[in-house]
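# An overview of the molecular structure
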Number of protein chains: 4
Amino acid sequence: MTNQNPVFIPGPTNIPEVLRKAVDMPTIDHRSPVFGEILHPALEGVKKVLKTVKGQIFVFPSTGTGGWETAISNTLSPGDKVLATRNGMFSHRWIDMCQRHGLDVQVVTQEWGGGVPADKFEEILTADKEHRIKVVLATHNETATGVKSDIAAVRRALDAAGHPAMLFVDGVSSIGSMDFRMDEWGVDIAVTGSQKGFMLPPGLAIVGVSPKAMEATETAKLPRTFFDIRDMAKGYANNGYPYTPPVGLLNGLNLSTRMLLDEGLENVFARHHRIAEGVRQAIAAWGMQLCALRPELYSDSVSAIRVPEGFDANLVVSHALEAYGIAFGTGLGDVAGKVFRIGHLGSLTDVMALSGIATAEMVMADLGLPVALGSGVAAAQEHYRQSAAALKKAA
Amino acid sequence: MTNQNPVFIPGPTNIPEVLRKAVDMPTIDHRSPVFGEILHPALEGVKKVLKTVKGQIFVFPSTGTGGWETAISNTLSPGDKVLATRNGMFSHRWIDMCQRHGLDVQVVTQEWGGGVPADKFEEILTADKEHRIKVVLATHNETATGVKSDIAAVRRALDAAGHPAMLFVDGVSSIGSMDFRMDEWGVDIAVTGSQKGFMLPPGLAIVGVSPKAMEATETAKLPRTFFDIRDMAKGYANNGYPYTPPVGLLNGLNLSTRMLLDEGLENVFARHHRIAEGVRQAIAAWGMQLCALRPELYSDSVSAIRVPEGFDANLVVSHALEAYGIAFGTGLGDVAGKVFRIGHLGSLTDVMALSGIATAEMVMADLGLPVALGSGVAAAQEHYRQSAAALKKAA
Amino acid sequence: MTNQNPVFIPGPTNIPEVLRKAVDMPTIDHRSPVFGEILHPALEGVKKVLKTVKGQIFVFPSTGTGGWETAISNTLSPGDKVLATRNGMFSHRWIDMCQRHGLDVQVVTQEWGGGVPADKFEEILTADKEHRIKVVLATHNETATGVKSDIAAVRRALDAAGHPAMLFVDGVSSIGSMDFRMDEWGVDIAVTGSQKGFMLPPGLAIVGVSPKAMEATETAKLPRTFFDIRDMAKGYANNGYPYTPPVGLLNGLNLSTRMLLDEGLENVFARHHRIAEGVRQAIAAWGMQLCALRPELYSDSVSAIRVPEGFDANLVVSHALEAYGIAFGTGLGDVAGKVFRIGHLGSLTDVMALSGIATAEMVMADLGLPVALGSGVAAAQEHYRQSAAALKKAA
Amino acid sequence: MTNQNPVFIPGPTNIPEVLRKAVDMPTIDHRSPVFGEILHPALEGVKKVLKTVKGQIFVFPSTGTGGWETAISNTLSPGDKVLATRNGMFSHRWIDMCQRHGLDVQVVTQEWGGGVPADKFEEILTADKEHRIKVVLATHNETATGVKSDIAAVRRALDAAGHPAMLFVDGVSSIGSMDFRMDEWGVDIAVTGSQKGFMLPPGLAIVGVSPKAMEATETAKLPRTFFDIRDMAKGYANNGYPYTPPVGLLNGLNLSTRMLLDEGLENVFARHHRIAEGVRQAIAAWGMQLCALRPELYSDSVSAIRVPEGFDANLVVSHALEAYGIAFGTGLGDVAGKVFRIGHLGSLTDVMALSGIATAEMVMADLGLPVALGSGVAAAQEHYRQSAAALKKAA
C-alpha cells in the first residue's frame, strides 16, 4: 500500500509516527470526562498556534472547505456583500461557495501568481461609504500558486478605509507552517484543516472566531446546523459536541499543537523557510521560474513551478508517480498544465526534500526538459549545509 | 488512555483490530489512481450493505448529522413541507435541523418508546391531496430509546396514500446491524455514519440517494456547498473528491463493508439479534423494563432500560464509569434520568456482552437497586449457550 | 484475526494499548545514542521492579527459558551440583535443562500443587558439609499449578544451613504481578520474561544478577556466547549490545516499568490480588478446588482448577475456544487433563475477569459439569464490589 | 522519536508499513490452532526463500548470533574441528564463538575486503585425509566489508576434495536480498535473522537445516536447550514451540515471505542490485573506493566505502546523525575508522537511496573531503533513470 517514499503534495502531509499513534485510538465514551481532557487542551493549543487570545476555536469533523462554510454561514445573510480576490483555485472556490450561498461577491481580478491586492481592497473599501461590504475574504496562502499574501496589509487597508467589515482568512496551507497572527492582524475568522501544518490526517475543519464574528452569528440568517458554532460552543461548555466528535483526530490535534508549541512557533516557521528555500535554490539552478510573481509572495509551504511554454506540466506529476512512486501536485484551474507543485510543509526534513528534488530532476530529464541531473540537488545541498551549520552555531 | 474494557455505548462501537489498522494509513496522494482503488470499492460495498442497486452512495467527512443536512439541503427549498414524528432525541434533532433550514415540518407527536406511526402518516398523506409534503422523515432506529421502527410500513403508508413524497430514513444506528432494504422499502435517502454498524471511528457521513432524490437536487434551493452531492458525484467520476477526502476512513470503510459482506448480512443481523436478546434476557431477569413499548420495537443495536421511578438513571452511568471503568449510555432528552442504555452493536461478542451485564449488576447493587448479582448474567448465559449450540448445529 | 475478547492464559497477557504502540517502533540506528536513552532507563526500571539495588540487569532477545540458560551457563561448570524441587512443569523443565547441560541435579520430589520445600532444602543443605551444592533453584510461581512458593523461606533455609550456594529464582510468572524482593531475599539470579507481568509481547529474557553471581561468571566453564552476560555487560557500557538488540521490545520495557512504578508496586500487587481473589471466590462458589494445596500457596497470577475425577479438563479449554472464542490454559505434565487454568495477570480488570468467569460457567454447563450459571459470577461480583468500594474509600 | 528519514544502516532495515502492522498483534493463545496457521506458512515461506526443498526451518526468538550458536551447538562436540576464514567482523565473531564453545578452528587468514578463499579451502580439505574437519564455515555476505562470497565455489571445493564436512553459511545480510540456493549449493545450515532481507524488526534467528545436519544433532555433545532443534521440531509437529513463541514476529515473517515470493525472488534480487548499483555509481563519481576488493565481491545489500588515509571514517557517521539525522554504518574491527557503510537492503527505493547519497555528499563536504555536491547524486540518478526505463520496457 505504500513504498515508504515521502509525499510532496501540498497536503495532506507526511504524518509523524507519534501523530499517527495519537489518532489511532480505541473507542472511548465521548460523553465521559476523558473526552474533555482531550478536547480542551486541543482547543487551547490551536489558540496559541493562531496567536489569538481573544478568539474562540471550533473544530468540526470536516475539511477546510467546511471551515469556509462555517465562516460564512454563521455570520452572513443571503444578499450580504463580500469582497474577495480570485488569485488561485482556492480563492476561486471560496468565492464560488459564497455565490452559491446567495452572497453578493465583489471579485477583484488578479493574476494567478499575484497576492491579495491590499491596495485595490483599500480603494474599494474606502469607496464603500455605506459599509455594504460585510466581509473581506483573503487566502493567506494560495496552495494552487504557491503565493503567500500579506494579511497585515489587508488589515491596514481595512483600517485605512475606516471600514468595519470583518476579515476572514483561509489559512489552510499556512497555519502551523508560516507566521499567522490572528489578533494582531485583526482576523475575524481564520480557517484551517488538520492535514497541513498540523500534520494530521484530513478530517478536521479548524476555525478561529473573533468576538466580533461571534456577535455576527446572532443576526446571520444563512441556514446552518452541522456547522453552527453556537451549538458547538454549547457542546464545548459541557465537554462535548452536538454530535459524535472525531475523538482520535482531536487527540492528534492535542498532541500536534503541543509538538509545534514545544518546538517553538518561530522555530517551526524557520524550519519551513529553510526547507522551502532549498527547494527554491534548486528551481533557480534548473533555470525555472516560480508561479509566484515576486519573492515576497513565495510560500514556505508549497512551490508551484512553471514549465516551459508548450510543455504539459501534468506529465511531470504522472511520470513521477509511475516511474518513481513520488507524488507531486498538479496545477489547478488557470494554471493547470502550466505548473507542477512541490509541497514542502509539515514533517519534512532537508534529507527528504533532497529526495524530492532529485526525483523532479530525473523526471524532467526523462521527459526531455533541459535540466542537468544533480544541479538542483547541489544548489539545495549547499543551502542546507550552510543553514545546518548556522543552526548548529546558534544552538 | 484505555483500560482495555469494551465500551457499551450505542456507538461509536468497539473497533476491530483490522479496521483500526486499515484506517491508520500513511499519507497517499488522494489525486493519484490509488485513491480510486480505495474509494470505488468502498462505495460499492456500502451499496450492498444498504441493499440498493439503483441508489448512489456519497460519503462526506462529517457525521450522521451532516448526513441529515446533506439529505435535506440537496433536495428541498425553503418553505418546503416535510412530515416527521418525534419519538426520541435523534428524530427530535432532525426535525430541529429542518426548522432551522426554513422547512415547514409537520410533526406527529409520539410517545418516546413508540415507533414511527405509519398509520398516522398514512392518514396525513392521504389528506394531503395537493402533495405539499415533499419528504417523509423516519428514524429507523431511535438510539435514544432503543426503538426500531417499521420502515416497510412507512413505505406502505406512502403507497396506500398514493403520495409522491420522498422517504428519507435515518439509519445511523441500524445500518450494518439490522436489516435495511433501501430499494425494497423505496427509501429515497438513507443516512448513516462510520461509527456504528461499520465499526469505524467517527468521521464519515454515509448517504444513499435514490434516482428520484438525485433529480430533486436539480431544483432544490437550500444552499449547500460542502454537502453538495452533485459536486461529490463529479468528484467521484474523476476518482476524487471536491476537497480533501478522508482517505484512511474510506480505506476502513472499504474493508468494513467487505467484512460485513463476507460474513453475510443475514449472519450479521442474526449475530446482533443473538447478542441483543441475551441483554434483554438479563433485563427481564432483573425485573426491569425496556423503554421500547413492544417487542416488535426492540432494537438489536441498543437497549434503553427504565429505572424505577424516583431513581436517577444517570447515576448508573456515572458510577459504572467511576467504579468499573465501563461506559454505558445516558438517557437523552425526554427520557434523561429515566433510562440508561446498553449499546450492543458492532464488534461485540457474547463474552463481552456478559461483562457489560455483570457490570450493570454490580452498579445497580452498589446503588441500592433490587437486582440480584448474577441473575441477569445467568439468564444471558442460558441464552448464549443455547444459541451457540444451535449455531454450531446449523454449521 | 482477533475477536477482541481478552485472553485468560497465564501469559502472554493482554497487552495495553500504550505498550503495543511503544513496541511498534520504526527502525532506529541501534548504534546511535538514541538507543542508550531507551536501554538504560529500561534496565533501571527493571531493577526497581525486582527490588534490587546491588543487582545488574541483562535483557536478551529470547524468552524465560533463555533466561534459565543464561543463569546456569554463566555461573556453572559441567558436573556442578544444583538442588531443586520438581513441583510443576516449569520447575521440571529447568531441571531437565540443567541435566542436559551436564549438571548434577539433586531433585526433591514434591507433589504438584505443593510449593518449594524449604525445610527439606534446609536439611539437605545442612548435610552438604563440603558445599558441593553450588546453586539452589526455586520457581517462585509455578505457572502450571498456580502455586506461589515462599522464596524468603528458601533464603532462610540457606542461611540456617550456613550454606554458600547461590539462589536462582524463576520469577517468570510472578515478577511484576506479585511481590519479589531480590536483595532482601538474597536472590542471586532472578529470571523473567517480557510477556507476563511486564504485559509485553514475548521476546525478552530478563535476568537480574547479584554481585556474587557476577563473580561466578569468571570461573564458570559451561560454554555460552549468545547468553554471555560479560559480553552483554560490555555492550551496555557502550550503550549497545553484542548483537542486534530488540529495540522495540526494549522501548516497551522502558514504558512498562515506568507504568508499574508510577502505579506503585504495592498497588500493582494489590490489584493482582484483588482480581485473583474474585476468581477464587468464583471457583469456591462452583464447589471446585484449586490445584494449589493451601491458601498460602495461592498464586495471584494464575489459578489451576481441578476438575472432577474422570472428566477431561482439556475439554474445558477446547470448548471455550471453539464455542466462545476464549482462551484458558490447559493442564501441563502431571496435571494434564486434571486441571484447567485461568490466567489473571497483567492488564486485566475486574470487568474482564468477570467475562472469563462467566465463560467458564457456560463451558462447564455445556460439558455437563454441575455448575450453576451465574453462581461464580455472583461470588466474584460481590468481591469486586466490596473491594472497589474499599479502594474508593482509601483513595 | 523519529524524523521519518529512512535509515541507511545495513540492517535492521526500514520496515514496510504492512509488516509493522503484521508484527503488532494483540495477544492470541499460542497453544490454540490459530498459531499453527501462522507458524507453518511462515516456515514454508522461509524454505522457498532459502531455495530448499530438503531442508527444515527453525525459527528462534533470538538473533543471527543465536542462529550461529544453534548451528554449532546442535551438530558438534567439544574438540571438533571446523574450517573458517576471517575476512570481516562477522566471520571473526563466529570463529570466536566456536572457540568459546571448545571447537578447534582452523582459520585461514584473509584480507578484509576479500572473500571466502575457496581455493585455499580446497587445498586444506584435500589435505585433511582423515576428515577431521567436521564443518566449513562461510559468511555469504560480510556486512562489515560489503563483500559477497561465492558459496557455490566453496561447495565445489568440498566436492573437489571429496570431503564430507558440512557447510554452514551465515546468510544474515544476504538472504532475501541476494540469491541464496541452499539445496543447489549443498548448504547444511543456513543462518539468518528477521531484520535484514525479511524487513522485520530484530528478534528472530532463522535457521535452515539439511537432513545431514539433522542427523548430526543425534551425536553432537555440545550442550543446548534453548537452541535445541530437536525440541523445536517436536514443538512444530504439535503446532507449538517448546516455550513461548514470538507470535507477532512470526506473523510478520509469514507476510514477509509472501511479499518476497509474490514479488518473485529474482525480481527482489534485481531490485537490490539496481539500488546498490546506483550507490556504487555515486561512490565512483566521488572518486572513492569500496572496501570490497573486486567487482565480483560487491555486495548488493551494503557498501563499505574507504575514506582517504588519515581521515576518520567515524566522523562521517557521527556528523550525518548530528547534522542531518541520517544513520550510516560505522566501520567495525580491522576497518574501524577506515570505512563507513551505506546499507541498501530491504524496503528501499531509488528515491530513498538518492536521499542517502545526497546526505553523504553534504556530510563529506562539511568534513572537508573533496567531494563535489551533486556529483554522486547525478551518477546515481543516471543509473536509476536508465534502469527504470529498462524495467518499464520489460514490463
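As the structure is a computational prediction, the values presented were derived from the model and not from experiment.

## Let's talk about the domain arrangement of chain A
All names here are of chain A. Per the domain assignment, the segments of chain A are domain 1 (17–262) and domain 2 (264–394). Measuring from the centre of the C-alpha atoms in domain 1 to the corresponding centre in domain 2 gives 28 Å. Between domain 1 and domain 2, roughly 2,200 Å² of surface is buried when both sides are summed, and carbon and sulfur atoms account for 62% of that area. Among the residues domain 1 hides against domain 2, the three largest losses belong to Trp112, Lys148 and Ser177. Together they make up 24% of the total. Applying the counting rule to domain 1 against domain 2 returns one salt bridge. Across the pair Lys51 and Glu266 runs a salt bridge whose closest N-O atoms are separated by 2.9 Å. For the pair domain 1 and domain 2, the interface holds 13 residue pairs in polar contact (both at pLDDT 80 or more). Elements represented by at least two residues in the side of domain 1 that touches domain 2 include exactly helix H2 (33–50), helix H4 (89–100), strand S6 (147–148) and helix H9 (247–263).

## A closer look at the interface of chain B and chain A
Often the size quoted for an interface is simply the accessible area lost on bringing the parts together. Each partner contributes to the interface: chain B provides 53 residues, whereas chain A provides 53 residues. Between chain B and chain A, the buried area comes to about 4,200 Å², and carbon and sulfur atoms account for 59% of it. Among the residues of chain B in contact with chain A, Arg20, Thr27 and Arg100 of chain B are the three that bury the most area, contributing 15% of the side total. Counting the contacts that link chain B with chain A gives six salt bridges.

## Examining helix H2 (residues 33–49) of chain C
Residues and elements named next belong to chain C. Its 17 residues place the ends of H2 25 Å apart at the C-alpha level, agreeing with the 24 Å of an ideal helix rising 1.5 Å per residue. For H2, every residue scored as buried is listed here: Phe35, Gly36, Ile38, Leu39, Ala42, Leu43, Gly45, Val46, Lys47 and Val49. Looking one or two residues beyond H2, the residue adopting positive phi is Lys51, at roughly 55 degrees.

## Thoughts on the pattern of salt bridges
Applying the stated criterion across every chain, the model contains 92 salt bridges over all chains. In this structure, Asp179 of chain A engages Lys51 of chain A in a salt bridge whose closest nitrogen and oxygen atoms are separated by 2.7 Å. Remark: Lys51 of chain A occurs in the loop between H2 and strand S1 (56–61) and Asp179 of chain A occurs in the loop between strand S7 (166–170) and strand S8 (189–193); sequence separation between them is 128 residues. A salt bridge links Glu322 of chain D to Lys392 of chain A; the nearest nitrogen and oxygen atoms lie 3.7 Å apart. Placement of Glu322 of chain D in helix H11 (residues 314–324) and of Lys392 of chain A in helix H13 (residues 375–394) is noted, with the two residues assigned to different chains.

## Brief notes about the UniProt feature "binding site: substrate" (unreviewed entry) in chain A
Residues and elements named next belong to chain A. When the UniProt feature table is mapped onto this chain, "binding site: substrate" (unreviewed entry) is found at Arg341. Among the secondary structure elements, Arg341 is positioned in strand S13 (residues 339–343). Taking relative accessible area as the criterion, Arg341 reaches 2% and is therefore assigned buried. Discounting chain neighbours no more than four positions away, the residues touching Arg341 are Phe8, Pro10, Thr143, Ala144, Val302, Ser303, Ala304, Phe328, Gly329, Thr330 and Leu332.

## Let's talk about the sheet that holds strand S10 (residues 289–290) of chain A
Consider a sheet: its strands pair through backbone hydrogen bonds, and that pairing is either parallel or antiparallel. Residue and element names in this part refer to chain A. Read from one edge to the other, the open sheet built from four strands follows the order S10-S11-S13-S12, with strand pairing classed as antiparallel. Each having just a single partner strand, S10 and strand S12 (329–330) make up the two edges of the open sheet. As judged from the two bridges shared by S10 and strand S11 (residues 302–306), these two strands associate in the antiparallel manner. The residue of S11 that forms the bridge with Gln289 is Arg306. This element, helix H11 (residues 313–324), spans S12 and S13 of the sheet and lies at about 45 degrees to S13.

About the thresholds
Residues numbered from 1 in each chain as written. Chains lettered and ligands numbered in written order. Predicted model: local features only at pLDDT ≥ 70, side-chain atom pairs only at ≥ 80, totals over all residues. Heavy atoms only, no water. Domains from an automatic or database assignment. Buried area = accessible area lost by both parts, 1.4 Å probe. Salt bridge = Lys/Arg side-chain N within 4 Å of Asp/Glu carboxyl O. Polar contact = N/O pair within 3.5 Å; in protein donor to acceptor, adjacent residues only side chain to side chain. Helix = DSSP H or I, 4+ residues; strand = E, 2+ residues; numbered from the N terminus. Contact = heavy atoms within 4.5 Å. Expected span 1.5 Å × (residues − 1). Buried < 20%, exposed > 50% of the residue type's maximum accessible area, 1.4 Å probe, protein only. UniProt positions renumbered as here; feature names shortened; annotations may be inferred. Pairing = 2+ DSSP bridges. Axes fitted to C-alpha atoms, helices over the stretch in contact; angles between N-to-C directions.

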